[in-house]
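In case you want the letters, here they are:
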2 protein chains.
Amino acid sequence: MDITIIGLGLIGGSLALDLRANGFANRLIGVDNNPQHADIALHEGLVDEVWSLEEACQMTDILVLAVPVNAIIQLLPTVLSLISSDTIVIDMGSTKAEIASLISTHAKREQVVMAHPMAGTEFSGPEAAISNLFQRKAAIICDRHLSSQHAIMVAEKLFKSLFMRIIYMDSSAHDIHAAYVSHISHISSYVLALTVLDKEKSEANIFNLASGGFASTVRLAKSSPRMWNDIYEQNSNNILDVLDIYIEKIQEFRNYIAEGKFDKTYQLMEEANKIGQILNTPQFNGVRG
Amino acid sequence: MDITIIGLGLIGGSLALDLRANGFANRLIGVDNNPQHADIALHEGLVDEVWSLEEACQMTDILVLAVPVNAIIQLLPTVLSLISSDTIVIDMGSTKAEIASLISTHAKREQVVMAHPMAGTEFSGPEAAISNLFQRKAAIICDRHLSSQHAIMVAEKLFKSLFMRIIYMDSSAHDIHAAYVSHISHISSYVLALTVLDKEKSEANIFNLASGGFASTVRLAKSSPRMWNDIYEQNSNNILDVLDIYIEKIQEFRNYIAEGKFDKTYQLMEEANKIGQILNTPQFNGVRG
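Residues numbered from 1 in each chain as written. Chains lettered and ligands numbered in written order. Predicted model: local features only at pLDDT ≥ 70, side-chain atom pairs only at ≥ 80, totals over all residues.

### Section: the interface of chain B and chain A
Piece 1. Facing the 83 residues of chain B at the interface are 83 residues of chain A.
Piece 2. For the side of chain B that touches chain A, the secondary structure elements donating two or more residues are α7 (171-199), α8 (203-209), α9 (212-218), α10 (225-234), α11 (236-258) and α12 (262-279) of chain B.
Piece 3. By residue number, the principal contributor to the side of chain B that touches chain A is α7 of chain B, which donates 21 residues.
Piece 4. Each residue belonging to the side of chain B that touches chain A can be placed in one class, and the counts come to 49 nonpolar, 21 polar and 13 charged. (Contact = placed C-beta atoms within 7 Å. Helix = DSSP H or I, 4+ residues; strand = E, 2+ residues; numbered from the N terminus. Nonpolar A, V, L, I, M, F, W, Y, C, P; charged D, E, K, R; others polar.)

### Notes on the sheet that holds strand β6 (residues 112-117) of chain B
All names here are of chain B.
Piece 1. Read from one edge of the open sheet, eight strands run β3-β2-β1-β4-β5-β6-β7-β8, paired in mixed fashion. Only two strands of the sheet have a single partner each, and these edge strands are β3 (49-50) and β8 (165-169).
Piece 2. Sheet topology note: the strand β2 (residues 27-31)/β3 ladder contains two bridges and is parallel. When the sheet's bridge partners are listed, I29 is paired in β3 with E49. (Pairing = 2+ DSSP bridges.)

### Some details on the pairing of strand β1 (residues 2-6) of chain A
All names here are of chain A.
Piece 1. Of all five residues that make up β1, four are buried, and the element is covered over most of its length.
Piece 2. Pairing analysis gives five bridges linking β1 to strand β2 (residues 27-31), with the strands arranged parallel. Of the residues in β2, the one forming a bridge with I5 is G30.
Piece 3. Following the backbone out of β1, through helix α1 (residues 10-21) and into the adjacent parallel β2, one traces a crossover that is right-handed.
Piece 4. Summarising the sheet, β1 and strand β4 (residues 62-65) pair through four bridges and their orientation is parallel. (Buried ≥ 20, exposed ≤ 12 C-beta atoms within 10 Å, placed from the backbone. Right-handed = clockwise from strand over helix to strand, strands pointing away.)

### Remarks on the nonpolar core
Piece 1. Ranked by size, the top nonpolar core spans 191 residues in total, and within it V64 of chain A together with V64 of chain B carry the most contacts.
Piece 2. Considering every element that reaches this core, the biggest residue donor is helix α7 (residues 171-199) of chain A, with 14 residues.
Piece 3. Among residues more than four places away in sequence, those in contact with V64 of chain A are I3, T4, I5, I6, G12, L15, I90 and M92 of chain A. (Core = buried A, V, L, I, M, F, W, Y, C linked by C-beta atoms within 7 Å.)

### Quick notes on the relation of the copies chain B and chain A
Piece 1. Here chain B sits on chain A after a turn of 180° about the axis and a move of 0.0 Å along it, with an RMSD of 0.0 Å. Within this description, the copies of the chain are treated as partners about a two-fold rotation axis. For chain B, the residue whose C-alpha comes nearest the rotation axis is T217 of chain B, separated from it by 2.1 Å.
Piece 2. Comparing contact sets, 100% of the residues at the interface of chain B also lie at the interface in chain A, consistent with an isologous, same-surface contact. (Least-squares fit on C-alpha atoms with pLDDT ≥ 70 in both.)

### A closer look at helix α12 (residues 262-279) of chain A
Piece 1. Helix length check: α12 of chain A (18 residues) gives 27 Å between terminal C-alpha atoms against 26 Å at 1.5 Å per residue, within 8%.
Piece 2. Tucked inside the fold, the buried residues of α12 of chain A contact α11 (236-258) of chain A together with α7, α8, α9 and α10 of chain B. (Expected span 1.5 Å × (residues − 1).)

### Quick look at the sheet that holds β4 of chain A
Pairing between sheet strands relies on hydrogen bonds along the backbone, with the strands arranged either parallel or antiparallel.
Residues and elements named next belong to chain A.
Piece 1. If you trace the eight strands from one edge of the open sheet to the other, you get β3-β2-β1-β4-β5-β6-β7-β8, paired in mixed fashion. Edge strands, defined here as strands with exactly one partner in the open sheet, are β3 (49-50) and β8 (165-169).
Piece 2. Both strand β7 (residues 138-142) and β8 contribute to a ladder of five bridges, which runs parallel. Counterpart to C142 in the pairing with β8 is M169.
Piece 3. Contacts between α1 and the sheet are confined to β1, β2, β4 and β6 (112-117), with β1 contributing the most and set at about 165° to the helix. (Axes fitted to C-alpha atoms, helices over the stretch in contact; angles between N-to-C directions.)

### With respect to the packing of α12 of chain A against α7 of chain B
Pairs of packed helices are described in terms of their axes, by the angle between the two and the distance that separates them.
Piece 1. For the pair α12 of chain A and α7 of chain B, interaxial distance at closest approach is 8 Å and the crossing angle is 70°. The angle between α12 of chain A and α7 of chain B falls in the class roughly perpendicular. The segment α12 of chain A lies against α7 of chain B, with L268, M269, E271, A272, K274 and I275 of chain A engaging Y190, A193, L194, V196 and L197 of chain B.
Piece 2. Tallied by class, residues from the contact of α12 of chain A with α7 of chain B come to nine nonpolar, no polar and two charged. (Parallel < 35°, antiparallel > 145°, perpendicular 65-115°, else oblique.)

### Some words on the environment of R219 of chain B
All names here are of chain B.
Piece 1. Its location among the elements puts R219 in the loop between α9 and α10.
Piece 2. On the basis of neighbour counts, which here come to 21 C-beta atoms within 10 Å, the residue R219 falls in the buried class.
Piece 3. Considering only alpha carbons, one finds R219 and Y246, 27 residues apart in sequence, at a separation of 19 Å.

### Describing the pairing of β4 of chain A
Residues and elements named next belong to chain A.
Piece 1. Burial along β4 is two-sided: I62 and V64 facing one way and L63 and L65 facing the other are all buried.
Piece 2. Summarising the sheet, β4 and strand β5 (residues 88-91) pair through four bridges and their orientation is parallel. Its bridge partner being in β5, I62 is matched across the sheet by I88.
Piece 3. In this region the chain leaves β4, passes through helix α4 (residues 69-82) and returns to the parallel neighbour β5; the handedness of that crossover is right-handed.

### Notes on the domain arrangement of chain A
Often the size quoted for an interface is simply the accessible area lost on bringing the parts together.
All names here are of chain A.
Piece 1. On domain assignment, one finds that chain A holds domain 1 (2-170) and domain 2 (174-281).
Piece 2. The gap between the C-alpha centroids of domain 1 and domain 2 is 30 Å.
Piece 3. Of the residues lining the interface, 15 residues belong to domain 1; the matching set on domain 2 comes to 15 residues.
Piece 4. Contributing elements (two or more residues each) for the side of domain 1 that touches domain 2: α4, α5 (97-103) and β7. (Domains from an automatic or database assignment.)

### Description of unusual backbone geometry
Piece 1. Despite not being glycine, F163 of chain A has its phi angle at roughly 60°, a positive value.
Piece 2. Looking at the element boundaries, F163 of chain A is found in the loop between α6 (149-161) and β8.
Piece 3. Even without a glycine there, the phi angle at D143 of chain B is positive, about 50°.
Piece 4. Along the chain, D143 of chain B falls in the loop between β7 (138-142) and α6 (149-161).
Piece 5. By C-beta crowding, D143 of chain B is classed as buried, having 22 other C-beta atoms within 10 Å.

Spelled out as structure tokens, the structure:
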């Protein structure tokens, strides 16, 4: 199968590596508006060829959109106007509601599969591409009933070839849940980094006192501002809802410390401990779909 | 050398494993007020013998206090009253100012080395003990000039045998820096877990949408409430200072999203990105001391 990946960054590049290694792709075509990224992807063998968007849309079996959400929204109408009726488009955007609304009445809606692979690292660009990034992670497929059965089947095959678990979700539900579980982690990590950088003027002290705990909590603060800005813009209502609860809870925690109510902080921490059990839940640990 | 470890949890147990493996300890004696923990430590071979506090204090070369800070404050006067003039006490407490003030005028002050190994995991108890926990991490020694040269030399030897970098710091400076770099990470992680648990009623959704990013940011939320409560109590002024800045910054971030000022969120994220360079600074990466 000919697979075209638009956006040769962390997600697109890692996808290319795996789809070549597992034999799913016969030929990998890359599209990137950053010529440097395209050169690196070609040089590193992530893709076989680099084409223009127009060429790629007209001559491929599967077209994967792996660019920040705003770029997907900008590109998708052009892509749909160019593809033949046999091409399947898989969008890998981090938010879904606006994409869903953008294409809801499009004649080629059935050819699009709206997906979100819950995988990534804090790094970006084609140099960040790694093998097995997607293994055992969830691939969320949104609004499955609006894609053709054939398109869903092909997308499922692709995700299963990466050993992903496939989960189905409504696109607006996806955006709400993603705000809770993914988007808020990034904001709290960015803010943690800003607080430490603001208060702690000595880089040596940050380095010396940073245990593994700090390093892991602040890891996401290295993430791409470009990509995350698009997510805040696309999902601002849900993110603001969750942020307000987060701020309320941290205020509560702060006040208990200020008032010396350590029985209350104890209760809150015991409650928070439950997250460990959920993340390790064995019944969810199998690959399914 | 005979080494007694008071508190056979993550820190005490991991220390026992390494000091036996590297030959620093000839005999390891454990003290724990939790008989179950003492049994596990003995059964797992972390320590050779389990003694009472009184026996241990009277018959050991080095006595390591590896219990939560409030327990150290409670135990230290008893320990000092029982030890001979040849015993060295190393306290491994997470906060230092109150311990410093507690023993400042004690006749045996010089026999105490106030230290804080910047190492740990989110787990606790003797089952959590692991080898090489301390390797390449910083051992902070506080108020070095208040300990005897001999005591400092022995403590340094012990930490170097674990391949730790030794850093010297004033005890009150330690508590301020620890609030910025360590304590605030834990609170933001606990609050993140509480927010998600509060808003996201479906455990399956949390599990399915949790990428590696969420898992690493929320990891510290599994930490021991007992240990962290002591830290909040001991270091409340510094923690409140940092928390207030954190809350101010997350409010600022929230307002920029609400107002659609994505140029501002971009700037904040670019600033936050700098934490990556600091944590990877090569000049700090060697083992020194």
